[in-house]
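Inside the fold
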Amino acid sequence: MKSFPSLTIAAITYTFVPAYAEHTSTAAQATFVYLNRNGQTVGTGDGHQAGTLPAYGGSEDEWHQIVACVRDRYANFNVDVLTRRPPAAVKVHYATVIVGGWASDVGLSNRDYNGIAPYHKGRIVLDGTALVFSKVGPHGEHDIENVCSAIVHESAHMIGGLDHELKCGDVMGYATNKCGAREFVDEDAPCGETVKRRCGNGQMTQNSYRLLGSKVGFRSGY
Ligand SMILES: [Zn+2]
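The following paragraphs examine the structure supplied in this document. (Residues numbered from 1 in each chain as written. Predicted model: local features only at pLDDT ≥ 70, side-chain atom pairs only at ≥ 80, totals over all residues.)

As for helix α4 (residues 208-216)
Applicable threshold: In this scheme the burial state of a residue depends on its C-beta neighbours within 10 Å: 20 or more other such atoms mean buried, 12 or fewer mean exposed, and anything in between means partly exposed; the C-beta positions come from the backbone. Per the convention used, a helix needs a DSSP run of H or I reaching at least four residues, while a strand needs a run of E reaching at least two, with both numbered from the N terminus. Residues are scored as being in contact if the C-beta atoms we place from backbone atoms lie within 7 Å.
Of all nine residues in α4, seven are buried; the element is thus mostly enclosed. Among the residues of α4, those classed as buried are S208, Y209, L211, L212, G213, K215 and V216. The inward-facing, buried residues of α4 abut β1 (31-36), β4 (79-82), α3 (144-160) and β10 (205-206). Backbone geometry just downstream of α4 places G217 in the positive-phi region, at approximately 90 degrees.

Structure representation (structure tokens):
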């Protein structure tokens, strides 16, 4: 994986592009994913109740490791991961992932949910907000790999319209880390959570790596 080129908010201020321009001739335009660790009250969303998520409670160093991990998973794609919200004056679309708290903060089971995102069956969700419940899991907010994978998984539902995949080691799968770090695997696999089913976009299989690349573009060299 390539290391992530440094990016500042100032850079996108000058860019001033509508991201997600439906991924045709837009290889130069980045898709933005904003990671919000400051805590936020959310309204009723796709599949969850209203509630307040507290700020991410891990250390500063752990947070930086999580951000670096998310950037690494997206390194081959034209995706910029931001840690500060783009200023309102910047007319740019971005997906938000709020990282903090428990699933039960928004009425969901802590046993079943590590995160939740709007998923519109293969379509890109503009300006969507996903939630990642960083306290969930045996190691909670200190589990860099798990929090990172949950962020990548939930954001990919929004920016790529990706479905769940029955592929161990794929970040869109439900299997945890028993096949190592969860990434976008460049292989066709059936869709599903625990049993095989047709993918949300009507296809019989999904290749998360190729599908995401077709939506957001690959960085040059990939
Ligand atoms: Zn999911």
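Alright, that's what it looks like, and here's the rest.
Description of unusual backbone geometry
Phi is positive for K121, close to 45 degrees, though the residue is something other than glycine. Among the secondary structure elements, K121 is positioned in the loop between β6 (115-116) and β7 (129-132). A residue is classified by how many C-beta atoms lie within 10 Å of it, and K121, with 10 of them, is exposed. One non-glycine residue, D127, adopts positive backbone phi at about 55 degrees.

A short note on the environment of D127
Take D127: it is sitting in the loop between β6 and β7. Measuring from C-alpha to C-alpha, the distance between D127 and Y94 comes to 5.1 Å, with 33 residues separating the pair along the chain. If sequence neighbours within four positions are ignored, D127 has contacts with H93 and Y94.

Digging into the environment of G200
Relative to the helices and strands, G200 is located in the loop between β9 (196-197) and β10. Residue G200 is classed as partly exposed on the basis of its 18 C-beta neighbours within 10 Å. For the pair G200 and H164, spaced 36 residues apart in the sequence, the C-alpha separation amounts to 8.9 Å. Setting aside chain neighbours within four positions, we find G200 in contact with K121, G122 and D163.

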